[in-house]
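What follows is the residue order along each chain.
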Amino acid sequence: MRTHSQRWRSGVLAAMLALAAAPAAQAQQQAAPPAAERRVAITFDDLPYVHASTQQRDGKRSAADANRAIVAALKRQRVPATGFVTEQHVRALGEAGPELLREWNRGLLELGNHGATHADSNGLDADGIGREVIDGEATIRPMAEAAGRKLKFFRFPYNHVGDTVEKRQAAEALLASHGYRLAAATIDTSDYVFDQAYERALAKADDWARRRIEEAYLEHSRTQIAYYAGLDRTVLGYEPPAILLLHLNRLNAATLDRLLRLLRQQGYRFVSLDEAQADPAYRESPRVATKYGPMWGYRWAKERQVKVDGSKEQEPPAWVARYAEGK
């Protein structure tokens with residue numbers, strides 16, 4: 001599972017962002033934009049199912065149920081979304097894998113590439129990254145082309161886009177040569193942390209814990225959405241379209257309707273990833289390297305030498321992690 005937020009908000013965060021304040025930091029005092037100006041793109045990683053490559057009991061049925069619920073919520077609320085596919089997860093589900101992706105290749109939903117094996121790019125050279133990109137297309141490229149569509153975006157696993165400047169530049173050049181843009185991410189809800197606890201509650205048939213985890217996740221998401229909006233205003237002086245990073249799991253299947261309503265209540269209009277990254281803020285990805293996977297607000301801060309206090313970002317409640325570990 002992902003650890004980009006937890007690792008980034010450790011001592012590394014304080015060290016990397018302890019920079020001299022630049023003039024742009026004055027934007028911290030700017031008010032939130034009018035509701036009509038707020039936009040957000042919804043993205044899901046690890047399709048067709050985050051636990052596809054595990055020995056989860058009834059894995060195929062869980063994958064089907066989760067996909068069905070998430071797709072239904074997106075359609076019901078007419079929300080565009082991009083689903084980033086890991087080819088290894090497709091194969092792990094056998095014939096069910098490609099079938100689950102068909103709905104993500106229609107209407108307001110589109111497919112993205114998340115690599116062949118969910119390998120961490122920090123441990124790959126340029127050739128290895130190239131293989132992840134090409135092999136990650138095995139199922140989704142023929143599927144997209146058969147529908148008259150193109151694969152537009154690639155997102156690296158763990159949100160790692162280059163632990164050296166040279167690797168980042170080489171990776172982005174490789175993506176461009178295959179017609180991809182690097183998919184950004186600006187809001188992290190740490191859903192993978194809550195999902196670990198949620199799966200335990202489901203396995204134990206602990207309905208009380210399940211409901212408590214759902215509510216804690218939604219409340220944490222509310223806090224994170226506001227935090228990252230403020231971070232972007234501090235660094236850029238305005239809020240570009242936000243890009244929410246979620247995972248295809250049973251937690252989001254159970255809560256997506258409520259999460260989408262929460263975003264609407266905070267004044268967000270849903271847009272495609274294409275429209276979101278048409279904003280000038282995304283014209284180029286941040287020219288920084290990091291072995292961790294922070295959201296783009298932190299990368300913009302480092303690039304622009306804007307001082308931000310990452311310690312103000314809240315971690316998921318400690319009891320959630322303890323429950324996940326059986327404590």
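Residues numbered from 1 in each chain as written. Predicted model: local features only at pLDDT ≥ 70, side-chain atom pairs only at ≥ 80, totals over all residues. Heavy atoms only, no water.

1. Some words on the overall build of the protein
So, step 1. Scanning the protein from terminus to terminus reveals 14 helices and eight strands.
So, step 2. Scored against the burial criterion, the 327 residues of the protein give a buried share of 56%.
So, step 3. Sequence separation of 24 or more characterises 85% of the internal contacts of the protein that already satisfy a separation of 6 or more.
So, step 4. In the form shown here, the protein has an accessible surface area of approximately 13,800 Å², with 49% of it arising from carbon and sulfur atoms. (Helix = DSSP H or I, 4+ residues; strand = E, 2+ residues; numbered from the N terminus. Buried < 20%, exposed > 50% of the residue type's maximum accessible area, 1.4 Å probe, protein only. Contact = heavy atoms within 4.5 Å. Areas by Shrake-Rupley, 256 points an atom, 1.4 Å probe, with all protein chains shown as cover.)

2. Details of the packing of helix α10 (residues 207–236) against helix α11 (residues 250–265)
So, step 1. The geometry of α10 relative to α11 is characterised by a closest axis approach of 10 Å and an angle of 35° between their N-to-C directions. As α10 packs across α11, the resulting crossing turns out to be right-handed. Taken together, the residues of α11 that come into contact with α10 (itself represented by E214, E215, Y217, L218, S221, R222 and I225) are L251, N252, A254, T255, R258, L259, L262, L263 and Q265.
So, step 2. Residues that form the contact of α10 with α11 fall into these classes: eight nonpolar, four polar and four charged. (Axes fitted to C-alpha atoms, helices over the stretch in contact; angles between N-to-C directions. Left-handed = near helix turned anticlockwise from the far one by under 90°. Nonpolar A, V, L, I, M, F, W, Y, C, P; charged D, E, K, R; others polar.)

3. With respect to the packing of aromatic side chains
So, step 1. Per the stated rule, a full pass over the model turns up nine aromatic pairs.
So, step 2. Geometrically, the ring pair formed by F154 and F156 is edge-to-face, given 4.9 Å between the ring centres and 70° between the ring planes. As far as the burial class goes, F154 and F156 line up, both buried.
So, step 3. Summarising the aromatic geometry, the rings of Y282 and W300 are spaced 5.6 Å apart at their centres and angled 55° between planes, so their arrangement reads as tilted. Of this pair, Y282 sits in the loop between α12 (273–276) and α13 (296–304) while W300 sits in helix α13, and the two are 18 residues apart along the sequence. As far as the burial class goes, Y282 and W300 line up, both buried.
So, step 4. We note R212 situated over the ring of W319; from NZ or CZ to the ring centre the distance is 3.7 Å. (Phe/Tyr/Trp six-rings, centres within 6.5 Å; stacked < 30°, edge-to-face > 60°. Lys NZ or Arg CZ within 6 Å of the ring centre and 35° of its normal.)

4. A few points about helix α6 (residues 126–135)
So, step 1. Among the residues of α6, those classed as buried are G128, I129, G130, E132 and V133.
So, step 2. Buried residues along α6 sit in contact with β3 (109–113), β4 (153–154) and α8 (165–177).
So, step 3. One side-chain oxygen of the residue at the start of α6 lies 3.2 Å from the amide nitrogen of D127, identifying that residue as D125. (Polar contact = N/O pair within 3.5 Å; in protein donor to acceptor, adjacent residues only side chain to side chain.)

5. A look at the nonpolar core
So, step 1. Ranked by internal contacts, the top residues of the largest apolar core, which has 90 residues, are I42, F44, L74, W104 and L256.
So, step 2. Ranked by the residues each element gives to this core, the list is headed by α10, at twelve residues. (Core = buried A, V, L, I, M, F, W, Y, C linked by side-chain atoms within 4.5 Å.)

6. Some words on the side chain of D279
So, step 1. Considering the arrangement of structural elements, one finds D279 in the loop between α12 and α13.
So, step 2. When its relative accessible area of 11% is taken as the criterion, D279 is described as buried.
So, step 3. Side-chain polar atoms of D279 contact the backbone nitrogen of A281, separated by 2.9 Å.
So, step 4. The contacts of D279, once residues within four sequence positions are left out, are R39, Y238, P240 and P241.

7. Some words on α13
So, step 1. Within the span of α13, buried status applies to W296, G297, Y298, R299, W300 and A301.
So, step 2. Just beyond α13, the residue with positive phi is Q305, at close to 55°.

8. Points about the pairing of strand β1 (residues 39–47)
So, step 1. Along β1, eight of the nine residues are buried, which leaves the element largely enclosed by surrounding structure.
So, step 2. Sheet analysis places β1 next to strand β8 (residues 269–270), joined by two bridges and oriented parallel. Bridging from a neighbouring strand, V40 pairs with F270 of β8.
So, step 3. Strand direction decides the pairing type here: β1 and strand β7 (residues 242–247), joined by six bridges, are parallel. Within β7, the position partnered with A41 by the bridge is I243.
So, step 4. Relative to strand β2 (residues 81–85), β1 is paired through four bridges, and the arrangement is parallel. Paired with F44 across the bridge in β2 is G83. (Pairing = 2+ DSSP bridges.)

9. Re the pairing of β7
So, step 1. The buried count for β7 comes to six of six residues, which makes it a mostly enclosed element.
So, step 2. Residues A242, L244 and L246 of β7 are buried on one face, and the alternating residues I243, L245 and H247, pointing to the opposite face, are buried as well.
So, step 3. As paired elements, strand β6 (residues 187–188) and β7 share two bridges and run parallel to each other. In the strand pairing of β7, I187 is matched with L244.

10. Details of the confidence of the model for the protein
So, step 1. Confidence in the prediction of the protein, expressed as mean pLDDT, is 90, and 89% of residues score 70 or more.
So, step 2. Counting contacts from residues 1–30, a segment whose pLDDT is below 50, to residues more than four positions away or on other chains yields 84 contacts. (pLDDT = per-residue confidence, 0-100.)

11. Focus: the environment of G97
So, step 1. Looking at the secondary structure, you find G97 in helix α5 (residues 96–101).
So, step 2. On the accessibility criterion, G97 (0% relative accessible area) is buried.
So, step 3. Residues G97 and A52, 45 residues apart in the sequence, show an inter-C-alpha distance of 9.0 Å.

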